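Working through the structure, step by step
What follows is the residue order along each chain.
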Amino acid sequence: MAKPKGVIVAQFDWTFVKSVANPYGEGEVFDIWQWNLFKTKWTRLSNTACGYGELSDASRDAQKMSNDIQTMLDANRSIPPRP
């Protein structure tokens, strides 16, 4: 049986939230996908593989992850201080 395709319901610079049908009941679950800088592809976060029950919770965490990635990238542009 083919796994149903999800629908992107929230997108940020480095992450997005995808909605999929709940395989164990009614409704939807929401998974966070993140741009993997090392593999250069989108990957679903394994620690959220069970999914979020609420879009607001998934969006909040995805936004924070996206901001953390951007902060890391910005910090890597500057020269580290000399010891």
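Report on the accompanying structure. Keep in mind that this is a model prediction, so the values were computed, not measured.

**A few points about a nonpolar patch on the surface**
- On the surface, V7, V9 and L55 cluster together into a nonpolar patch covering about 220 Å² of accessible area.
- Mapped onto the secondary structure, V9 falls in strand β1 (residues 7–11).
- On the accessibility criterion, V9 (38% relative accessible area) is partly exposed.

**Some remarks on the nonpolar core**
- Judged by nonpolar contacts, A10, F12, V17, F30, I32, L45, Y52, A58 and A62 together constitute the single largest core of 9 residues.
- At the level of elements, β3 (28–36) and α1 (55–77) are the ones that each hand at least two residues to this core.
- Setting aside chain neighbours within four positions, we find A62 in contact with F12, T15, V17 and I32.

**Describing the sheet that holds strand β2 (residues 15–21)**
- One open sheet accounts for 4 strands, arranged β1-β2-β3-β4; its pairing is antiparallel. With partners counted over all chains shown, the strands left at the sheet margins are β1 and β4 (41–44), one partner each. The sheet shows a mean angle of 35 degrees between the axes of neighbouring strands, taken without regard to direction.
- Across 4 bridges, the pairing between β1 and β2 is antiparallel. Residue pairing for β2: A10 is matched across the bridge by V17.

Conventions used here
- Residues numbered from 1 in each chain as written.
- Predicted model: local features only at pLDDT ≥ 70, side-chain atom pairs only at ≥ 80, totals over all residues.
- Heavy atoms only, no water.
- Patch = residues over 30% accessible without salt bridge, like charges linked within 9 Å, V, L, I, M, F, W, Y side chains within 5 Å.
- Areas by Shrake-Rupley, 256 points an atom, 1.4 Å probe, with all protein chains shown as cover.
- Salt bridge = Lys/Arg side-chain N within 4 Å of Asp/Glu carboxyl O.
- Helix = DSSP H or I, 4+ residues; strand = E, 2+ residues; numbered from the N terminus.
- Buried < 20%, exposed > 50% of the residue type's maximum accessible area, 1.4 Å probe, protein only.
- Core = buried A, V, L, I, M, F, W, Y, C linked by side-chain atoms within 4.5 Å.
- Contact = heavy atoms within 4.5 Å.
- Pairing = 2+ DSSP bridges.
- Axes fitted to C-alpha atoms, helices over the stretch in contact; angles between N-to-C directions.

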